[in-house]
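Single-letter residue listing:
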Amino acid sequence: MSSSAAQRRELQKAELRAELVAAAHALVREEGYDGLTIRKLATRVGYAPMSVYSYFADKQEILMALAEDAFADLARRMRQNQPDDPIEAMRAALAEYAEFGLGNPNEYRTVFMTEKQKHPPEETFEQMERENPAFQIIIERVQACLAAGVLKGDARAIATALWTVAHGSVSLLITFPFYPFGDPKAYVMRMGDLAMAGLAVSETPPLTDEPGMCPG
């Protein structure tokens, strides 16, 4: 096979995979977790189920692909909203996270609230963090807060704490829609402000004995 033919073949594979991921996003938005099956996905794109299996071994692999794609989309949104003030830049990232999750509750529930039953083979958590553009932006904005002296401690630990608060708040709002939280986005922002105020009081230690700083 010539190099040009091989390149065309790889391009076709990449395009089909992207089509499958887009179709999976649509299925999840419309039908939730139970609506995402290999057979339905194949029908959606007009291919035989065995063709889908050549790209994704099972539903878990599709979920991992959806998560990667969702984080990339979230990162693009965060990049477009970056005030100069480090605290405001952190709040802007939190606001984008809230809008992202609350605006797509079915997809958020499926992609971020479904247990991932297997770890990607031969991939460390450090690699996963480096390959997650949204988490990298949070790390960068925490580092800016550290440089400005408004936060103290381990950047990865602080970023993880803020991610925990954002994810927890969005998950509660999606899971308990009838609880009187008030305005949903305002609630997420309030929890984020409380978390940042608490983190500003003292130095945040690393999560483990070996600080896992993610390179920018």
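For the protein chain, an unreviewed UniProt entry supplies the name TetR/AcrR family transcriptional regulator and the organism Aminobacter anthyllidis.

## Notes on the overall build of the protein chain
Within the protein chain, the secondary structure is distributed over ten helices and zero strands. Shown N-terminal to C-terminal, the secondary structure of the protein chain runs as helices and strands in the order α-α-α-α-α-α-α-α-α-α. Every one of the 216 residues in the protein chain was classed for burial, and the buried ones make up 40%. Counted over contacts in the protein chain with a minimum sequence separation of 6, partners at least 24 positions apart contribute 68%. Accessible surface for the protein chain amounts to roughly 12000 Å². Of this, 54% is attributable to carbon and sulfur atoms.

## Thoughts on the pattern of salt bridges
Counted under the stated rule, the structure contains ten salt bridges. Of the charged contacts in the structure, one is a salt bridge between R29 and E107, with a shortest N-O distance of 3.3 Å. One end of the pair, R29, is in helix α1 (residues 3-31); the other, E107, is in helix α6 (residues 105-112), with 78 residues separating them in the sequence. Among the residues examined, R29 registers a relative accessible area of 43% and is labelled partly exposed. Residue E107 is classed as buried on the basis of its relative accessible area, which comes to 9%. Notably, a salt bridge pairs R91 with E88, separated by 3.8 Å at the nearest N-O pair. Here the residue R91 and the residue E88 both occupy positions in helix α5 (residues 86-103), the gap between them amounting to three residues, near one helical turn. A relative accessible area of 24% means that R91 is categorised as partly exposed. Here E88 falls in the partly exposed class, since its relative accessible area comes to 37%. It is possible to trace a salt-bridge network through shared partners that takes in R77, E96, E99 and K185.

## Some details on the confidence of the model for the protein chain
Looking at the protein chain, the pLDDT average stands at 87 and 88% of residues meet or exceed 70. When pLDDT is averaged over each element of the protein chain, helix α10 (residues 184-201) comes out on top at 97 and helix α7 (residues 125-130) at the bottom at 65. Below pLDDT 50 for its whole length, residues 211-216 participates in 16 contacts with residues either more than four positions away or in separate chains.

## Some details on α5
For α5, with 18 residues, the first-to-last C-alpha span of 26 Å sits near the 26 Å given by 1.5 Å per residue. Among the residues of α5, those classed as buried are P86, A89, M90, A92, A93, L94, A95, E96, Y97, A98, F100 and G101. Two or three places before I87, at the start of α5, stands the capping residue D85, its side-chain oxygen 3.1 Å from that residue's backbone nitrogen.

## Quick notes on a nonpolar patch on the surface
A contiguous nonpolar patch, built from L172, F176 and Y179 and spanning about 330 Å² of accessible area, is present on the exposed surface. Among the structural elements, F176 can be located in the loop between α9 (155-175) and α10. For F176, a relative accessible area of 47% corresponds to the partly exposed category.

## Here we look at the side chain of D154
Looking at the secondary structure, you find D154 in the loop between α8 (133-148) and α9. One buried charged residue, D154, remains without a salt bridge, the closest side chain of opposite sign being R156 at 5.7 Å. One polar contact links the side chain of D154 to the main-chain amide nitrogen of R156, over a distance of 3.3 Å. Within the structure, the side chain of D154 is placed 2.9 Å from the backbone nitrogen of A157, a separation counted as a polar contact.

Cut-offs and rules
Residues numbered from 1 in each chain as written. Predicted model: local features only at pLDDT ≥ 70, side-chain atom pairs only at ≥ 80, totals over all residues. Heavy atoms only, no water. Helix = DSSP H or I, 4+ residues; strand = E, 2+ residues; numbered from the N terminus. Buried < 20%, exposed > 50% of the residue type's maximum accessible area, 1.4 Å probe, protein only. Contact = heavy atoms within 4.5 Å. Areas by Shrake-Rupley, 256 points an atom, 1.4 Å probe, with all protein chains shown as cover. Salt bridge = Lys/Arg side-chain N within 4 Å of Asp/Glu carboxyl O. pLDDT = per-residue confidence, 0-100. Expected span 1.5 Å × (residues − 1). Polar contact = N/O pair within 3.5 Å; in protein donor to acceptor, adjacent residues only side chain to side chain. Patch = residues over 30% accessible without salt bridge, like charges linked within 9 Å, V, L, I, M, F, W, Y side chains within 5 Å. Lys, Arg positive; Asp, Glu negative; His and termini not counted.

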